[in-house]
2 protein chains.
Amino acid sequence: MVQQAAAGLRQRKKQRTRDELLQAAQQLFLRQGYARTTVDEITAAVDVSQRTFFRYFANKEQVALALMADGADDLIHYLRARPSGENPLQALRAATRETWDARGVPEQEGATANAALEIFQLVESTPTLLAAHLHRLAEQQQMIAAVVAEREGVDPVTDLRPRLLAAVFSAVARTAQHEWTAAAGRGVAGEDFFRVLERHLDQLGPALTADWR
Amino acid sequence: MVQQAAAGLRQRKKQRTRDELLQAAQQLFLRQGYARTTVDEITAAVDVSQRTFFRYFANKEQVALALMADGADDLIHYLRARPSGENPLQALRAATRETWDARGVPEQEGATANAALEIFQLVESTPTLLAAHLHRLAEQQQMIAAVVAEREGVDPVTDLRPRLLAAVFSAVARTAQHEWTAAAGRGVAGEDFFRVLERHLDQLGPALTADWR
DNA sequence: TTGCCAAGTGTCAGCGACTGCCACTATTGT
DNA sequence: ACAATAGTGGCAGTCGCTGACACTTGGCAA
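Owing to the predicted nature of the structure, the values given are computational and were not obtained by experimental measurement.

Caption draft 1: Local environment of the overall build of chain A. A count of helices and strands for chain A gives 10 helices and zero strands. Starting at the N terminus and ending at the C terminus, chain A contains elements arranged as α-α-α-α-α-α-α-α-α-α. Contacts spanning at least 24 positions in sequence make up 63% of the contacts within chain A whose residues lie at least 6 apart. Accessible area for chain A stands at about 11400 Å²; split by element, carbon and sulfur atoms hold 52% of it.

Here it is, written out as structure tokens:
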């Protein structure tokens with residue numbers, strides 16, 4: 001996952017301006033908020049033209065979304081690799097854990113980790129960004145459904161289960177993420193995201209079946 | 001639900017231009033697509049200024065969303081009215097059925113019903129609109145969670161179940177809606193939305209627990 | 001009725017996101 | 001060294017959206 005050949009100069013240059021744009025955007029967004037940051041400000045900070053900006057990102061939202069660690073591709077990959085003995089929900093849970101573990105390393109710089117959290121909160125609190133984010137999640141959900149259907153060898157058109165499972169899992173994951181972001185914001189620091197997710201998954205059964213009292 | 005006093009002339013006039021804007025927007029959106037329709041075109045059709053348009057709708061997306069029968073407020077209302085003996089999931093299911101039944105009547109004009117479907121498909125196929133729609137659903141989901149928590153008398157902050165239930169139910173409902181829209185588009189006409197939703201809810205257990213084979 | 005207040009509208013001026021177009025510069029393979 | 005090609009900059013223009021202000025019109029009381 002996440003590998004890069006140190007190819008030609010052209011490639012590297014491109015990668016560099018892209019990174020610079022991202023970094024400049026991050027600084028400005030976190031300092032002034034998303035809406036109050038113009039594309040011109042971002043490009044000025046990196047000293048490229050506005051036109052160039054829109055060659056790297058389809059729109060302003062995409063810069064912000066690109067700042068969030070995504071991991072969806074990784075998830076798909078890990079999910080494909082899970083042993084076929086597991087039932088789908090187990091496989092999803094395990095793949096998520098692997099995805100999470102795999103990226104812990106470069107995240108320890110403190111300042112970086114903190115910025116990551118702030119970005120989550122920024123997205124969560126900016127309607128347009130949240131909308132775009134939800135849209136992206138919906139797309140990822142479809143991919144998950146497809147992989148699950150393939151894994152289990154069921155017809156993805158007829159059988160509702162893959163889509164339902166993907167939908168429910170995504171919903172739970174998103175709820176957990178929401179919760180985690182909020183908690184981390186309140187200084188209730190430390191709890192691992194995956195731990196939060198597990199707590200949510202554990203409550204899934206009770207929430208659906210039992211009488212609550 | 002949905003009641004209107006035939007109040008002063010001022011009120012009626014306002015309602016009228018709002019309706020006209022909606023209708024004009026609907027026509028244009030369905031004819032030319034969302035992106036290729038400008039706000040100026042809409043206002044020209046109704047003969048009001050662009051400025052007025054934005055006094056009625058916060059942005060272009062909102063007109064489109066307003067064209068979709070919403071029913072969220074109704075759902076909340078019905079949900080509150082459900083007998084407290086029911087467990088939450090049952091209550092949600094029943095409230096949804098009531099919401100659905102309550103609006104069947106004025107929808108039979110054929111042409112209207114067909115346009116409604118087309119709007120769903122328009123939203124589904126237009127990224128910005130879909131994003132906005134998902135965002136709205138997320139807000140409604142929060143309201144559902146709040147009502148459920150209140151209904152069951154549990155702490156909405158500590159207890160994860162209300163939010164999880166709302167999230168899962170919304171996810172299933174959305175999946176069903178997606179399915180329904182697609183099916184209706186393929187001419188596999190006739191199946192009641194609520195029927196589709198029930199099929200999905202029935203598959204929820206199997207999708208989560210069982211080994212799929 | 002008259003006259004006042006407030007609600008609703010139009011106009012205008014302007015910002016910011018985004019696109020198409022074309023000329024220019026810099027890398028790459030030969 | 002040269003040509004093909006990828007990437008950038010600048011410009012002109014469209015569209016969504018907003019603030020400010022002047023104007024019209026419906027609601028209401030004297």
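Caption draft 2: A look at the protein's contact with DNA strand C. In the vicinity of DNA strand C there are 22 residues, among which A:Leu9, A:Arg51, A:Lys60, B:Thr52 and B:Arg55 approach most closely. Expressed as a percentage, the sugar and phosphate content of the atoms of DNA strand C within 4 Å of the protein is 56%. Between B:Arg10 and DNA strand C, the recorded distance is 3.3 Å, taken from a side-chain N or O atom to a base nitrogen. Of all the secondary structure elements, the ones that give two or more residues to the surface near DNA strand C are helix 1 (9-32) and helix 3 (50-56) of chain A together with helix 1 (9-32) and helix 3 (50-56) of chain B. Residues belonging to the surface near DNA strand C are distributed by class as follows: six nonpolar, seven polar and nine charged.

Caption draft 3: Spotlight on the relation of the copies chain A and chain B. With an RMSD of 0.1 Å, the operation that places chain A on chain B is a rotation of 180° combined with a shift of 0.0 Å along the axis. What the superposition gives is, in effect, a two-fold axis relating one chain to the other. Of all interface residues in chain A, 100% are interface residues in chain B too; the two copies therefore contact each other through one and the same surface.

Caption draft 4: A look at the protein's contact with DNA strand D. Taken together, 22 residues form the shell around DNA strand D, and within it A:Lys14, A:Thr52, A:Arg55, B:Leu9 and B:Lys60 come nearest. Protein-adjacent atoms of DNA strand D, using a 4 Å cutoff, are sugar or phosphate at a proportion of 56%. In this structure, A:Ser49 approaches DNA strand D through a main-chain N or O atom, which is 3.0 Å from a phosphate oxygen. The contact in question runs from a base oxygen of DNA strand D to an N or O atom on the side chain of A:Arg55, over 2.8 Å. Counting only elements with at least two residues in the surface near DNA strand D, the list comes to helix 1 and helix 3 of chain A together with helix 1 and helix 3 of chain B. In terms of residue class, the surface near DNA strand D is built from six nonpolar, seven polar and nine charged.

Caption draft 5: Representation of the pattern of salt bridges within the structure. Summed over the entire model, instances satisfying the criterion amount to 22 salt bridges over all chains. A salt bridge links A:Arg151 to A:Glu152, with the nearest nitrogen and oxygen atoms 3.5 Å apart. The class of A:Glu152 is buried, set by a relative accessible area of 4%. Notably, a salt bridge pairs B:Arg174 with B:Glu124, separated by 2.6 Å at the nearest N-O pair. Of this pair, B:Arg174 sits in helix 9 (residues 161-185) while B:Glu124 sits in helix 7 (residues 111-125), placing them 50 residues apart in sequence. The exposure class assigned to B:Arg174 is buried, which follows from its relative accessible area of 15%. One continuous salt-bridge network, built from bridges that share partners, spans A:Arg82, A:Glu86 and A:Glu98.

Caption draft 6: Seen up close, the domain arrangement of chain A. Residues and elements named next belong to chain A. On domain assignment, one finds that chain A holds domain 1 (9-58) and domain 2 (68-208). The gap between the C-alpha centroids of domain 1 and domain 2 is 28 Å. The interface of domain 1 with domain 2 comprises five residues on the first partner and seven residues on the second. Interface area, domain 1 with domain 2, both sides summed: about 480 Å², of which 81% is carbon and sulfur. It is Gln26, Leu30 and Tyr34 in domain 1 that bury the most area against domain 2; as a group they hold 88% of the surface buried on that side. Applying the counting criterion to the domain 1 and domain 2 interface returns zero salt bridges. At the junction of domain 1 with domain 2, the criterion picks out zero residue pairs in polar contact (both at pLDDT 80 or more). Taken together, the residues of the side of domain 1 that touches domain 2 break down into three nonpolar, two polar and no charged.

Caption draft 7: Layout of helix 5 (residues 72-81) of chain B. When we look at burial in helix 5 of chain B, the residues that qualify are B:Ala72, B:Asp74, B:Leu75, B:Ile76, B:Tyr78 and B:Leu79. Where helix 5 of chain B is buried, its residues meet helix 6 (88-102) and helix 8 (127-152) of chain B.

Caption draft 8: Here's a closer look at the interface of chain A and chain B. Taken together, the contact between chain A and chain B spans 41 residues of the former and 41 residues of the latter. Of the roughly 3600 Å² buried where chain A meets chain B, counting both sides, 68% is carbon and sulfur surface. The largest contributions to the chain A side of the interface with chain B come from A:Arg161, A:Leu208 and A:Trp212, which together make up 22% of the buried area. At the boundary of chain A and chain B, one finds two salt bridges. Across the salt bridge formed by A:Arg163 and B:Glu179, the nearest N and O atoms sit 2.5 Å from each other. Between the two partners, chain A and chain B, sit two residue pairs in polar contact (both at pLDDT 80 or more). Counting residues per element, the ones that place at least two in the side of chain A that touches chain B are helix 6 (88-102), helix 8 (127-152), helix 9 (161-185) and helix 10 (193-208) of chain A. Ranked by the residues each element gives to the side of chain A that touches chain B, the list is headed by helix 9 of chain A, at 12 residues. Looking at side-chain class alone, the side of chain A that touches chain B contains 24 nonpolar, nine polar and eight charged residues.

Reading the values: the criteria
- Residues numbered from 1 in each chain as written.
- Chains lettered and ligands numbered in written order.
- Predicted model: local features only at pLDDT ≥ 70, side-chain atom pairs only at ≥ 80, totals over all residues.
- Heavy atoms only, no water.
- Helix = DSSP H or I, 4+ residues; strand = E, 2+ residues; numbered from the N terminus.
- Contact = heavy atoms within 4.5 Å.
- Areas by Shrake-Rupley, 256 points an atom, 1.4 Å probe, with all protein chains shown as cover.
- Near = heavy atom within 4 Å.
- Polar contact = N/O pair within 3.5 Å; in protein donor to acceptor, adjacent residues only side chain to side chain.
- Nonpolar A, V, L, I, M, F, W, Y, C, P; charged D, E, K, R; others polar.
- Least-squares fit on C-alpha atoms with pLDDT ≥ 70 in both.
- Salt bridge = Lys/Arg side-chain N within 4 Å of Asp/Glu carboxyl O.
- Buried < 20%, exposed > 50% of the residue type's maximum accessible area, 1.4 Å probe, protein only.
- Domains from an automatic or database assignment.
- Buried area = accessible area lost by both parts, 1.4 Å probe.

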